[in-house]
Amino acid sequence: MINTFNYFLEANIILLLFALVYYSLLKDQPNFQLRRVFILTAITSALLVPLVTVSFSQIMVTESLIPTSIPTIMLPEFVMGEEDKAMSSISQLHWSLYLVLSYGLVAMVFMVRFGKQLFSIWKIVWDKTAIRSNQDGYSLVETTKNYPTFSFFKYLVIRNFDDINEQERNQIIAHEQVHIKQGHSFDIVLLEVMRVVFWINPGVWFFRKTQAENHEFIADELTLKQHDRSAYQQLLIKMTVDQMQLVGNYFAKIQTLKRINMMNKKSISSLL
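Definitions and limits used
Numbering of residues starts from 1 in each chain and follows the order in which that chain's sequence is written. A pLDDT threshold of at least 70 governs which residues receive local features in this predicted model, and a stricter bar of 80 or more applies before side-chain atom pairs are shown or counted, although totals over entire chains, interfaces and linings include all residues. As a rule here, side-chain values cover all heavy atoms of the structure and leave hydrogens and water aside. The aromatic pairing rule takes the rings of Phe, Tyr and Trp, using the six-membered ring of Trp, and pairs them if the centres are within 6.5 Å, calling planes under 30 degrees apart stacked, those over 60 edge-to-face and the rest tilted. Helix and strand assignments come from DSSP, with helices taken as H or I runs of at least 4 residues and strands as E runs of at least 2, each series counted from the N terminus. Buried, partly exposed and exposed residues are distinguished by accessible area as a fraction of the type maximum, computed with a 1.4 Å probe on protein chains only: under 20%, between the cut-offs, and over 50%, respectively. At least two DSSP bridges between two strands are required for those strands to pair. Note on geometry: axes are C-alpha line fits, over the in-contact stretch for helices, and angles between N-to-C directions span 0 to 180 degrees. Note on definitions: a residue-residue contact is assigned when non-hydrogen atoms from the two residues lie within 4.5 Å. What we call a nonpolar core is a set of buried Ala, Val, Leu, Ile, Met, Phe, Trp, Tyr and Cys residues that are connected through their side-chain atoms within 4.5 Å. Every case where a carboxyl oxygen of Asp or Glu lies within 4 Å of a side-chain nitrogen of Lys or Arg is listed as a salt bridge. To sort the angles, those under 35 degrees are grouped as roughly parallel, those over 145 as roughly antiparallel, those from 65 to 115 as roughly perpendicular, and the leftovers as oblique. The sense of a crossing depends on the near helix, which, turned anticlockwise from the far helix by less than a right angle, makes the crossing left-handed and, turned clockwise, makes it right-handed. Just so you know the grouping, Ala, Val, Leu, Ile, Met, Phe, Trp, Tyr, Cys and Pro go in nonpolar, Asp, Glu, Lys and Arg go in charged, and all remaining residues, Gly too, go in polar.

Draft legend 1. Region of interest: the packing of aromatic side chains. As enumerated under the stated definition, the model contains 14 aromatic pairs in all. Summarising the aromatic geometry, the rings of F110 and W205 are spaced 5.6 Å apart at their centres and angled 70° between planes, so their arrangement reads as edge-to-face. In this pair, F110 is assigned in helix 3 (residues 82–125) and W205 in helix 6 (residues 202–223), connecting sequence segments 95 residues apart. When its relative accessible area of 10% is taken as the criterion, F110 is described as buried. Take W205: its relative accessible area is 34%, and that puts it in the partly exposed class.

Structure representation (structure tokens):
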């Protein structure tokens, strides 16, 4: 139990330290790939470094148990009030158990939510009315239902929009292909699992939100190497309005504005 607690505590401290470093030094870094790698490094360090520390502590404890002299046997000292101490220890154990159960209950809620999201994606991908086709490196799933366009691992789900032309469709696919080829879904799943386990840590929430933004910045940057910036930004605005009407996600507006501002900033900096 002690080693488990130490691991949990050290992992949380590492996550917080990496989050502070990111916020202080990298939040305005124009290299989005570097930002993504830093977050993945932070998560890997939080998961692995405490294991090394715990193992080292176990070795030190084992070495300290090696007798260097003749052991002295001490008889237990009889002290009045031992029953009170025993009751106090039991009470502390109960409180510790309550805290662990409460933490686990909240983690279970996040795990169930994540499971429901995965199940929803599975239903969309394998919808009987959808048209599936194998493309170069991914599976295209075309649906007539009111699902938002997204990609998840090798699957790209796109609605058969009646009001978009071939150019806009190619832009959408080019954007989602970046997510697929670079394995952004792996990051998403990893951070969702981290949120389940370390939901109390603000660093996890910060990295989860920031990494999602990095994914979009990376996809936008690479898409603009193939398509016109003005036309692409107009498509983003159109899709954002459509998404707001579809699912009422008004945060999409803020995210789209940040993406457009980032594109314009990168465009200006490239001219300097």
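Draft legend 2. Spotlight on the sheet that holds strand 3 (residues 150–152). With respect to topology, four strands assemble into an open sheet ordered 1-2-4-3, the strand pairing being mixed. Of all strands in the sheet, those bounded by a partner on one side alone are strand 1 (131–134) and strand 3. Mean inter-strand twist for the sheet, computed between neighbouring axes without regard to direction, equals 20°. Relative to strand 4 (residues 155–159), strand 2 (residues 139–143) runs parallel, the two sharing five bridges. Of the residues in strand 4, the one forming a bridge with E142 is I158. Here helix 4 (residues 166–181) sits on the sheet and contacts strand 2, strand 3 and strand 4; the angle it forms with strand 4, its principal contact strand, is near 155°.

Draft legend 3. A look at the nonpolar core. Counting residues in each nonpolar core, the largest one holds 16 residues, and the members touching the most others are L15, Y22, M194, F198 and F207. Only helix 1 (2–26), helix 2 (32–64), helix 5 (184–197) and helix 6 provide two or more residues apiece to this core. Of all the elements, helix 1 adds the most residues to this core, at six residues.

Draft legend 4. The pattern of salt bridges, seen in detail. If you walk through the whole model with that rule in mind, you get eleven salt bridges. In this structure, the salt-bridge partner of D127 is K145, at a minimum N-O distance of 3.0 Å. Residue D127 is located in the loop between helix 3 and strand 1, and its partner K145 is located in the loop between strand 2 and strand 3; the two are separated by 18 residues in the primary sequence. Its relative accessible area of 8% is what places D127 among the buried residues. For K145, a relative accessible area of 35% puts it in the partly exposed group. In this structure, E216 engages R259 in a salt bridge whose closest nitrogen and oxygen atoms are separated by 3.5 Å. Taken together, the residues span a long stretch of sequence, with E216 in helix 6 and R259 in helix 8 (residues 251–271) at a distance of 43 residues. Look at E216 and you get partly exposed, because its relative accessible area is 23%. One salt-bridge network, held together by shared partners, links E192, R195 and R208.

Draft legend 5. Inspection of the packing of helix 4 against helix 6 at higher detail. Between helix 4 and helix 6, whose axes approach to 9 Å, the crossing angle comes to 130°. It follows from the interaxial angle that helix 4 and helix 6 lie oblique. With respect to the hand of their crossing, helix 4 and helix 6 are arranged in right-handed fashion. For the pair helix 4 and helix 6, the contacting residues are Q171, A174, H175, V178 and H179 in the first and H215, E216, I218, A219, D220, L222 and T223 in the second. In the contact of helix 4 with helix 6, the residues fall into five nonpolar, five polar and two charged.

Keep in mind these numbers describe shape, not what the thing actually does.
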